[in-house]
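Notes for the structure review
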Amino acid sequence: MPALRRSEWYDLARDLNWNLSYVTEDEAFPEVMSNNYGITPNEKWWAWDEPYKVSYREYVHNQYGKDASVYSVNSVIARSRMFEELDPGWKSAIVAHYGAIAVPEYLAGLGESRMGRFGRAAAWRNMALFGTLDETRHGQIQTYFPYTLLDKEPRMDWAHKALHTNEWGAIAARHLFDDMFTANDAVSTAIQLTFTFETGFTNLQFLGMAADAMEVGDLDFGALISSIQTDESRHAQQGEPTVRILVENGYADVAQRLVDHMFWRSWHVFALLTGLSMDYYTPLEHRSHSFKEFMQEWIVKQFLDQFRDFGLEPSWYWESHFLPELDWYHHALHLGVWFWRPTVWWNPDAGVSPAEREWLEEKYPGWNDTFGVYWDTIGDNIRRGEETKTLPETFPMVCNMCQIPVVTPAGFRAGKLESPEPHIHIHEGRQYVFCSEPCKWIFQLNPSRFAGHTSVVDRFLGGEIQPPTIPGALEWMGLSPEEMGQDATNYAWAYEGLEAPGAAAS
Amino acid sequence: MTTMRRRKARTWSLLGEVKRKPSAYEAVTAKFHYHFRRDPAPWELDPEMAFNRWYLEHREGSPFNVDDWEGYRDPAKLTYKDYVTLQHERELYVDGLVDRFEAVDHAASYSEGWTDTFKALIVPLRFPVHVLQMASLYVGQMAPSSFITNAAHFQAADEMRRLQRIAYWTQVVANAKDGAIARTETARDPWERAEAWQPLRETLETMLVAYDWGEAFVALNLGVKPAFDAMVNVALRDLARRNEDEFMALLCEEFDRDAARSRAWTTALVRYALERDPTLADVVNGWLDTWAPKAIAAVEAMGVLFEQAPEPVAGEELGEMAREGQREIAGAAGLA
């Protein structure tokens, strides 16, 4: 054990900023890779100071221990029947998680690597290098675990291939994550990936889901994602000093805009991924909190504290759009995802048995009136043997920002929106459809970043998807008939409290 | 419900019908860069937005390209888990080394002359090593396959390792000899202004803006790093030993274990590319015509610092070591 404590020598490994003279700062830190937002000269960035420090030797010693522990849990569990015995809804939650998260986490390593090269202070670049390694870990470990489950659940293949496909959820994930880190400059990445996304939303996905996993008895997934979060909370701290530099140099408005932009986008994708998993896919008896409760405790409170600490304001849409959506948005998405279930790579769990509906009504008063009525009809159709009426014949509109189907009619029905209509915007002669005012606002902030992109529906209408039918679209999305989502419990929920399916006929 | 299946999957479907079950290394590395050569652009945003243009120009558009990069393998076959396991063990070794030399108060035994050399030559090395760290990350983030990205990112981490071990020992020597040794200016002033350091700084700063990913890789891993590593890991090792600094010599030897891994993945990558397209030898050699002499000149300018040590290494000897470093890797890569 070396005699000097880290604090006695570590500044020598951090204070490595120098004045370039053989190339210009603009050449070495071009705006596309590192937007300084007008804060010049570069010395102003040298005050960047990470709150949590770690040395290389500490890093490899710690990470070795963490990996050894998580992989040994996996190795023991792989020889057990634990996976087979998991609840089908929970399996759907983890199949969805791996597809949407595993490879994007690896790609977050590219964003970290960009900060490691183009971050404007050496201390920052060093932290980002650890972030690069962390995300390599997260990409690899979250593909390795599903890899070991391929023989038990072939859909685990999506942990690896989802981002290679044009499945609509994969497009939404790519659009979000490319905007956030793979195609984002170093300064914006620090604020949007680490400050906005990793300090809040990954906490929700990784610790909230870990709590549920342990409840469900999925020790493998629980050990995996709680270990990941210990890395996230370390490298997420790159955001705070970056925000501080912007604020101290009079650019609080830039920080605010970057946060507001990415907070909204993260919210929408997490409503889709985590909202459904927590409130519908996790078995009722194992739900520790509702999604809304997790959001209030882990996101709303934390961001309000962060805004206050940095002299920022709650986002302009906080009271008017964000808080109201907590009551209805993910329920509407759940209904849509279940109905369009052939278009996803997991088996959506309806999660609307009588007991579950009681829980939903308790957690979300008014749920029965707004959403329960649709499930009543679906349940009737299932019980009458008219499954086809519960399956899609057309496609919904898709938002040109979040790439998620537009569900405004449900928000209107819930009394949370003034109109069921989507937001239409014309830019340079092209019409764009947005699901919400904030999605439109994000587009208008920087149209050149988004304008030439086409949504699934744009491509469908543009003739890119052939034949232009549901089967044609499913093939275009990369979904084989075996992989298309089905009801996770084979409609058992529709018969709970009634006669068993088929009982009447026997 | 679980999914119906037609056959038991041996591996990821994207890896195709494989005769041999892929290794764990392959399963967690292959085909992660779905965005390389993606149509219409790498990133799921406006195809014309600046980042798409950057990657299309500097990665897809690089002259250093083959039909398929996915067949390339790092000879060390490192996953993240393997990397931290390996370096955990190596850092335990270096921890032991530090313990051993701290126990005998080794830094206090430095002669005045060697302390001066340490201050002038070793202390500022943190800066160029940091640039090598930055450059390795650029190669990693631009590489067309994860098999390359990961090797480059681990290389960046190795540079940080080298840097931090120098930083630690700098503080130890400062505590034993002269507190000024640990001041930022003691390292930064020569790096920014001392004559001996300027060709190296010029080479590294200009290398940072070689944004074509192929050129960035060649400039760093075949041009600059082999010469720099010869200077630090070999020449400085010899210099330290001649001046009775066995700790520093052993540390440099340890650094060269990491550098050897870099040389191995680099030569394998060039060989892989040349096997697919022999004309790429001209592309690589064209870049080397620029970067190899610059790196040699940079190292040779440092000769004066090696010669000022109480027991010196001659400037010509240093230059020859750097040239040998470059020749060795070019030969192993099949470029000679």
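The present account deals with the structure reproduced in this document. What you see is a predicted model, and the numbers here were worked out from it, not measured in a lab.

Conventions we followed
- Residues numbered from 1 in each chain as written.
- Chains lettered and ligands numbered in written order.
- Predicted model: local features only at pLDDT ≥ 70, side-chain atom pairs only at ≥ 80, totals over all residues.
- Heavy atoms only, no water.
- Helix = DSSP H or I, 4+ residues; strand = E, 2+ residues; numbered from the N terminus.
- Rg over C-alpha atoms; globule rule 2.2 N^0.38 Å.
- Buried < 20%, exposed > 50% of the residue type's maximum accessible area, 1.4 Å probe, protein only.
- Areas by Shrake-Rupley, 256 points an atom, 1.4 Å probe, with all protein chains shown as cover.
- Lys, Arg positive; Asp, Glu negative; His and termini not counted.
- Charge placed at Lys NZ, Arg CZ, Asp CG, Glu CD.
- Axes fitted to C-alpha atoms, helices over the stretch in contact; angles between N-to-C directions.
- Parallel < 35°, antiparallel > 145°, perpendicular 65-115°, else oblique.
- Contact = heavy atoms within 4.5 Å.
- Nonpolar A, V, L, I, M, F, W, Y, C, P; charged D, E, K, R; others polar.
- Buried area = accessible area lost by both parts, 1.4 Å probe.
- Salt bridge = Lys/Arg side-chain N within 4 Å of Asp/Glu carboxyl O.
- Polar contact = N/O pair within 3.5 Å; in protein donor to acceptor, adjacent residues only side chain to side chain.

The next subject is the overall build of chain A. Counting its regular elements, chain A contains 20 helices and two strands. Computed over C-alpha atoms, the radius of gyration of chain A comes to 24 Å, within 12% of the 23 Å expected from 2.2 N^0.38 for 506 residues, which places it in the range of a compact globule. Overall, chain A is about 85 × 60 × 45 Å in size when its C-alpha atoms are taken along their principal axes. Put simply, chain A has 506 residues, and 64% of those count as buried. Summed over all atoms, the accessible surface of chain A reaches about 16,800 Å², with 52% contributed by carbon and sulfur. Positive and negative charge centroids in chain A, built from 39 and 70 side chains respectively, lie 3 Å apart.

So, on to the packing of helix α8 (residues 198-208) of chain B against helix α11 (residues 280-301) of chain B. Residue and element names in this part refer to chain B. Between α8 and α11, the least distance of the axes is 7 Å, while the angle of their chain directions is 150°. Accordingly, the angle class assigned to the pair α8 and α11 is roughly antiparallel. Across the interface between the two elements, P199, L200, T203, T206 and M207 of α8 pack against W291, K294, A295, A297, A298 and A301 of α11. Considered class by class, the residues forming the contact of α8 with α11 number eight nonpolar, two polar and one charged.

Residue and element names in this part refer to chain B. Most of helix α7 (residues 184-193) is tucked away, with seven of its ten residues classed as buried. The complete set of buried residues in α7 reads T184, T186, A187, R188, P190, W191 and E192. Looking at the packing, one finds that the buried side of α7 touches α4 (112-122), α5 (126-142) and α8.

Moving on, we come to the interface of chain B and chain A. On the chain A side, the residues contacting the 92 residues of chain B number 100 residues. Carbon and sulfur atoms supply 64% of the area that chain B and chain A bury against each other, a total of about 8,600 Å² over both sides. Remark: the boundary between chain B and chain A carries four salt bridges. For R459(A), the salt bridge goes to E44(B), with nearest N and O atoms at 2.7 Å. Run the count over chain B and chain A and you get 46 residue pairs in polar contact (both at pLDDT 80 or more). Elements with a contribution of two residues or more to the side of chain B that touches chain A: α1 (24-27), α2 (50-60), α3 (80-103), α5, α6 (146-176), α7 and α8 of chain B.

Another point: the side chain of H153(B). Take H153(B): it is sitting in helix α6. Overall, the relative accessible area of 2% leaves H153(B) in the buried class. At a separation of 2.9 Å, a polar atom in the side chain of H153(B) contacts the side chain of S113(A). Excluding residues that lie within four positions of it along the chain, H153(B) makes contacts with G109(A), L110(A), S113(A), L129(A), T132(A), L133(A), L137(B), G140(B) and Q141(B).

Residues and elements named next belong to chain A. Under the counting rule described, the total for this entry stands at 65 salt bridges over all chains. Here R81 makes a salt bridge to E85, at a shortest N to O gap of 3.8 Å. Side by side, R81 and E85 carry an identical accessibility label, which is exposed. Among the salt bridges present, the one from K301 reaches D305, with a minimum N-O distance of 3.4 Å. Of the two residues, K301 and D305 both sit in helix α12 (residues 291-309), four residues apart, roughly one turn of that helix. Overall, the relative accessible area of 25% leaves D305 in the partly exposed class.

By themselves, these are just geometric observations and shouldn't be taken as functional.
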